[in-house]
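# Architecture at a glance
For reference, the chains in residue letters:
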Amino acid sequence: MMIGEKDKDRPWLLGRPEPRVDGLGKVTGEARFTDDLDEVGQVWGVVLRAAHPHARIVSLDVEEARLAPGVVAVLTARDIPGNPFVGGVVQDQPVLAGTAGAGGGAGHDLDRVRMLGDGVALVAAETEAQARDALGLIRVGYEPLPVVTDPREALRPESPLVHDRGNLVVHHGVRHGDPAVGFEYAHRVYERAYATPRIEHAYLEPECVIARPVEGGGVEVVGSIQNLFSTRRAVASVLGVPLNRVRIRHAVLGGSFGGKDDVMTVMACRAALLARATGRPVKMVNTREESMLESYKRHPYFLDYRAGVDRDGNLCAMRMDIVADAGAYASMSPFVTYRSVVQAAGPYRCPHVWTDVRAAYTNNPYTGAMRGFGSPQVNFAIECLVDEIAEDQGLDPLTYRRRIVFRDGDVTPTGQRLAGHRVSLDEVLARIGDASGFVDKWWRYRAAREAPAAFRRGIGVACSYRGVSLGAEGVDAAATFVQVQPDGSVIVSSGVTDMGQGAQTAVAQCAAEVLGVPLDRVVFLNTDTSRIPDSGPTVASRGTIMGGSAAADAAAQVRARMLEVAADLLGQPVKNLVIREGLVGTGGAEGSFVPSRLTFADLAGECFRRGVALAALGWFRAPPTSWHEETGQGIAYFTYVYGANVAEVVVDSGTGRVRVEEFWSVHDCGRVVNRLGAEGQVHGGVAMGLGYGLLEEFEVEQGVPKASNFDEYLIPTAMDVPRMHVEFVENPDPAGRLGQKSLGEPTNEIAAPAVVNAIANATGRRIREIPATLEQVLIGRRLTRSGLRGSEVARGGEASCKVRGEEG
Amino acid sequence: MTAPRFARPRTLDEALALLAADPEGWTPVHGGTDLLVRMRMGMAAPRGLLDLTGIPGFGDIRVEDGQVVIGAGATHAALAADERVRTHAPALARAAGLIGSPAIRNRGTLGGNLANASPAADTVPPLFVVGAEVALRGPDGVRWVPIEDFASGPGRTVRGATDLVVAVRFPAQGREVRSAFERLGTRKALAISKVSVAVAARVEADGTLREVRVALGAVAPTVIRARETEGVLEGAVWGGEVARAACDAVRREARPITDLRAGEAYRREMCGVLLERAVATIVDGSRS
């Protein structure tokens, strides 16, 4: 950990509730989103999408469309100069599907559409209306193919193949101990099946890009893009040009939540193709309906959990079998399911854990990254299961969890010893228990269940541990560039992008902390792939730890050079000097600070006159991780964060309606960088998590989505969000240069089980499928669903609880 | 899609004249909260928009000759806040206050809600139970249509092509006859009703229910009266056996479908639950 050299553990600026640096522009309308931008001479690009969720394309005739009024270009797969496939992990997604002979390879033929959102042709025209009219003139001949929509069916040998190489996208296994041995001494064995829904990110701003052709065969793209470097790789590959010919920037983003990755990459590739073909700037904007149809979703999971508990109530064996619906393309499925397999057993001590997670191709909308990234599904399952076990053991769920959660030095199911940071889950649970009055309420509401009542109250808890950043998924390093101007103002630019989550404020605050200047002296520039090194994707809640640590590194380099000059000016040794609040001074023990008359601005001016380099590139490489593919053992993530949620609900016994009245969140995210931003993350994360638990499901029938806009796909409104109480347990972690870790996703991953557990406390009934809609809460299943969802078909009955020695 | 032509008449006569001259060429619009969405989705393509917002007094609410008369242009927000509506048709005030969100309540109008003829329209069940009539004005003058005869199916009404919905009226019955409205949506705001129930009744001193009217929303192609249920409640005292019989009756009378918002069986069940709550509101209110 590195703070100022004088006051290692006393940040002067970190933790302050500084207002977000982009806030004013957003409320005044000054902020410019991609759709607010236009280029001189631009044309509009639109996409013809598939008419079937699974079909072979036998003919494709675009001649009539080419002649339509205003049309400048019509492109098909044949017009792609480079690699026609994209994909962050597996290159299996065609930029455009085409007819046979248009290309392909690696077992992913190009002449097929695999989901309704697939693109078949592109049109560029002078106006958007002309471009859309021309779409109707394109003739596509389809030969429909059998559709597979249940990922478990997709894994059976007789299933239709979505990709020729097979429907299995990935299979991760964790083999820790031997559950066969563990179940031998189990006193009770619990077998439960859970299911979680496909959901939509529901970012406010639909996808949008503008691509402009530039000299040398390249393009410049501006868009609502989350992961600029991933997009750059794909655009360069599709155009067949080197990376330095493709420049990607982002405008102000209207939310992403993991959602503006692959879908933006595909859109950027399409716009780039049109820009190269027309020689003109091309703008593409999805309508909300196009966005919902085309964009990837959060994976639906089917989770079979089996847990053995010994006579003392400790978990002695766990066996988990999980299937994820990847939809038509792999996208981030291999990494999403990696996080699931690591965290499936929850933050609980258990000597014997075997977990299998498989992701399967189907003809559903493809699924990929969404806030949580494979954790909300497994957290729902394990947190509901542990809650049920607690009650069965005669304990309240909070006390039971405190008995079995990880503590310092415990070993996770991947064989990783939790060390080098404070394993604070017990502290977090104790805090949330006190704040919410959990134990007393839980017993009271449980007792009240006995009497009839129109409205029942319940309280529920859930907790989690979460690996920070990418873990053993891949390379984990990031850059931030810090420049001090001759007047002492500062420009920070980073490889970490801001999509509304507050990265620019957090990263700027890290730089300001180390430089010793107030935050209002810092300007943060949006990411530009040609001006900052590839810093990986802004995902996995890694912005503050990776971008912020790189900012601290850069700022420390510049500060060191400036202090040399200050030492000369003030006649003090460097080791005595401190910069704070824009003033240079001397620091003593215990963080005391005596300012001199030298300001940071004057010092910067003097450094400039002396030719001192006032800029530096900071680089932060994450500590090492490891992974053994066969056994699923290793240092899965370099450190972890801990959190707990408590929900208090009122259930309407007549209608099944659940009102969440009060909500508590306690997180240990390491050192809090910005308290306002951190609290904002919690509020937003909980609101999204409540939608997941109570309202949302992007239903798809035979590959056809049932909802196309927010009139039918309902997310929580401000009216549905409860009173929130947010607390932080701050244990600075040496993994982050300023002690910071992660918060964005932890806030979102346990709200659903907290609410569902609260419903169980109120009603005595356990819901194992979310969303817990009114019908689900009242009668235990959804009546709107045509046919039963997989888990009900597969099991055909109630979950079982076998008690050793009591079986017949 | 070519942009529709647009007219904003300054008087009702001017609006009617435009409509009479080219009945197919104009679609009346006020708040536009339904029509504009349908246009954007390609479900409506009017040749012309006849904007009624420029007609002075089109949304006035007044009481005359023992009737509450509400101009078609009255917004949901106005209905929810109006003291006369709250006194003479509390169910209507409550329903209007639950529609959509503040923005939608500030734009959407009673006339539009009626003309749009959604089976889930929240203002309609309350109008059923207060015995409302809808004024249609055409070239030959005004005719008053009982609310129960106004909608003929989802999105269909008896409004002629040269007619405008100009007003709604119902008896100013004061607090003598009470009414209540209950609805069930997926979330607290911006939710279309899965089921709605309106009830009106006079409660005698001994608790006997008189002049009972019950209407159900979102459980049939149009809002419907639940006459068998009314029969059970008429002359009865609310409680135990009566409540059970009334709930059974209302579940029988509902004819719901399964759609994205709710299942058929759930809707049927909820008619009973909401009926109980609505009647209880009326009975409790009579005691205070």
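Being a predicted model, the structure only gives us computed values, none of them experimental.

Along chain A, the regular secondary structure elements total 20 helices and 33 strands. Whereas a compact globule of 808 residues would reach a radius of gyration of roughly 28 Å, chain A reaches 27 Å, a difference of no more than 12%. Principal-axis analysis of the C-alpha atoms places the extent of chain A at approximately 90 × 75 × 50 Å. The buried share among the 808 residues of chain A stands at 59%. Taking contacts inside chain A between residues at least 6 apart in sequence as the whole, the part at least 24 apart equals 79%.

This part takes up the domain arrangement of chain A. Residue and element names in this part refer to chain A. For chain A, the assigned domains are domain 1 (23-31 + 477-621), domain 2 (34-145 + 201-294) and domain 3 (173-199 + 297-471 + 629-803). The straight-line distance from the C-alpha centre of domain 2 to that of domain 3 is 36 Å. Examining the composition of the side of domain 2 that touches domain 3, we find that four residues originate from one element, helix α8 (residues 288-294), more than from any other. For the side of domain 2 that touches domain 3, a count of residues per class yields nine nonpolar, eight polar and six charged.

Each partner contributes to the interface: chain B provides 15 residues, whereas chain A provides 14 residues. The element contributing the most residues to the side of chain B that touches chain A is helix α12 (residues 264-287) of chain B, with four residues. Across the side of chain B that touches chain A, the residue classes break down as 10 nonpolar, three polar and two charged.

Turning next to the sheet that holds strand β8 (residues 112-113) of chain A. Residues and elements named next belong to chain A. Taken in spatial order, the three strands make up an open sheet running β8-β2-β10, and their pairing is antiparallel. Looking at which strands have only one partner, the edges of the open sheet turn out to be β8 and β10 (139-144). In the sheet, strand β2 (residues 55-61) pairs with β8 via two bridges, with the strands oriented antiparallel. Looking at β8, one finds that R56 is bridged to R112.

Moving on, we get to the nonpolar core. The tendency in soluble globular proteins is for nonpolar side chains to be buried side by side. Counting 259 residues, the largest nonpolar core has A272, A511, V755 and I759 of chain A as its most contacted members. Among the elements that make up this core, the one with the highest residue count is helix α15 (residues 543-570) of chain A (12 residues). Not counting chain neighbours up to four residues away, the residues in contact with I759 of chain A comprise G458, V649, V651, V658, I767, A772 and V777 of chain A. Counting 86 residues, the second-largest nonpolar core is a separate cluster that includes V168, A180, A198 and A226 of chain B.

The residue after I770 of chain A, namely P771 of chain A, is reached through a cis peptide bond having omega 5 degrees. Considering the arrangement of structural elements, one finds P771 of chain A in the loop between α18 (751-763) and α19 (774-779). One non-glycine residue, S469 of chain A, lies in the positive phi region at around 65 degrees. Tracing the backbone shows S469 of chain A in the loop between β20 (455-467) and β21 (477-484). You can call S469 of chain A buried: it has 25 C-beta atoms within 10 Å. With a phi close to 70 degrees, A218 of chain B is a non-glycine residue in the positive phi region. Structurally, A218 of chain B is set in the loop between β13 (209-217) and β14 (224-225). For A218 of chain B, a count of 29 C-beta atoms within 10 Å translates into the label buried.

Residues and elements named next belong to chain B. Along the chain, H76 turns up in helix α3 (residues 76-81). It is 6.6 Å that separates the C-alpha atoms of H76 and G97, two residues lying 21 residues apart in sequence. Leaving out residues up to four positions away in the same chain, H76 has contacts with A96, I99, R105 and G108.

It is worth spelling out the domain arrangement of chain B at this point. All names here are of chain B. Considered domain by domain, chain B is made up of domain 1 (5-54), domain 2 (61-171) and domain 3 (194-287). Using C-alpha coordinates to define each centre, domain 1 is positioned 18 Å away from domain 2. Listed by partner, the interface residues are 14 residues for domain 1 and 15 residues for domain 2. Ranked by the residues each element gives to the side of domain 1 that touches domain 2, the list is headed by helix α1 (residues 12-21), at five residues. A per-class count over the side of domain 1 that touches domain 2 returns eight nonpolar, four polar and two charged.

What follows covers helix α11 (residues 240-253) of chain B. Residue and element names in this part refer to chain B. Between its first and last C-alpha, α11 extends 20 Å over 14 residues, near the 20 Å set by a 1.5 Å rise per residue. The set of residues buried in α11 consists of A246, C247, A249, V250, R251 and E253. Those residues of α11 that are buried are in contact with β13, α10 (227-233) and α12.

Residues and elements named next belong to chain A. Relative to the 16 Å expected for 12 residues at 1.5 Å per residue, helix α12 (residues 425-436) spans 16 Å between its end C-alpha atoms, a close match to the ideal helical length. Of the positions making up α12, those classed as buried are L425, V428, L429, I432, G433 and S436. For α12, the angular spread of the buried residues around the axis is 130 degrees, confining them to a single face. In this structure, the buried residues of α12 make contact with α11 (397-404), α13 (438-448), β20, β28 (640-652) and β29 (658-668). Backbone geometry just downstream of α12 places G437 in the positive-phi region, at approximately 65 degrees.

Let's shift gears to the packing of helix α10 (residues 375-392) of chain A against α11 of chain A. All names here are of chain A. In contact at an axis separation of 9 Å, α10 and α11 are set at 105 degrees when each is read in the N-to-C sense. In terms of orientation, α10 and α11 fall into the roughly perpendicular class. Residues V386, D387, A390 and E391 of α10 pack against P397, Y400 and R401 of α11. In terms of residue class, the contact of α10 with α11 is made up of four nonpolar, no polar and three charged.

Residue and element names in this part refer to chain B. Along β13, seven of the nine residues are buried, which leaves the element largely enclosed by surrounding structure. Both strand β12 (residues 195-203) and β13 contribute to a ladder of seven bridges, which runs antiparallel. Paired with A200 across the two strands is R213, which belongs to β13. Between β12 and β13, which pair antiparallel and follow one another directly, the connecting turn spans five residues, one of which, G207, has a positive phi of 90 degrees. Two strands pair when backbone bridges link them, and β13 and β14 are joined in this way by two bridges, in the antiparallel orientation. For L216, the partnering residue across the bridge sits in β14 and is I224.

Moving on: the packing of helix α9 (residues 333-343) of chain A against α10 of chain A. Residue and element names in this part refer to chain A. Running from N to C, α9 and α10 cross one another at 25 degrees; their axes reach a closest spacing of 8 Å. Viewed along their axes, α9 and α10 adopt a mutual orientation that is roughly parallel. Considering the relative orientation of α9 and α10, their crossing is right-handed. Residues R339, S340 and Q343 of α9 form the contact with α10, whose participating residues are S375, Q377 and V378. Residues belonging to the contact of α9 with α10 are distributed by class as follows: one nonpolar, four polar and one charged.

All names here are of chain A. Pairing within the open sheet is antiparallel, and its three strands lie in the order β24-β25-β26. Among the strands making up the open sheet, the edge pair consists of β24 (577-580) and β26 (593-599). Averaged over all pairs of adjacent strands, the angle between their axes in this sheet comes to 40 degrees, without regard to strand direction. Pairing of β24 with strand β25 (residues 583-587), which is carried by four bridges, proceeds in the antiparallel orientation. The partner of I579 across the bridge, within β25, is V584. Running at roughly 50 degrees to β26, helix α16 (residues 600-609) makes contact with β24, β25 and β26 of the sheet.

The rules behind the values
- Residues numbered from 1 in each chain as written.
- Chains lettered and ligands numbered in written order.
- Predicted model: local features only at pLDDT ≥ 70, side-chain atom pairs only at ≥ 80, totals over all residues.
- Helix = DSSP H or I, 4+ residues; strand = E, 2+ residues; numbered from the N terminus.
- Rg over C-alpha atoms; globule rule 2.2 N^0.38 Å.
- Buried ≥ 20, exposed ≤ 12 C-beta atoms within 10 Å, placed from the backbone.
- Contact = placed C-beta atoms within 7 Å.
- Domains from an automatic or database assignment.
- Nonpolar A, V, L, I, M, F, W, Y, C, P; charged D, E, K, R; others polar.
- Pairing = 2+ DSSP bridges.
- Core = buried A, V, L, I, M, F, W, Y, C linked by C-beta atoms within 7 Å.
- Expected span 1.5 Å × (residues − 1).
- Arc of directions from axis to C-beta.
- Axes fitted to C-alpha atoms, helices over the stretch in contact; angles between N-to-C directions.
- Parallel < 35°, antiparallel > 145°, perpendicular 65-115°, else oblique.
- Left-handed = near helix turned anticlockwise from the far one by under 90°.

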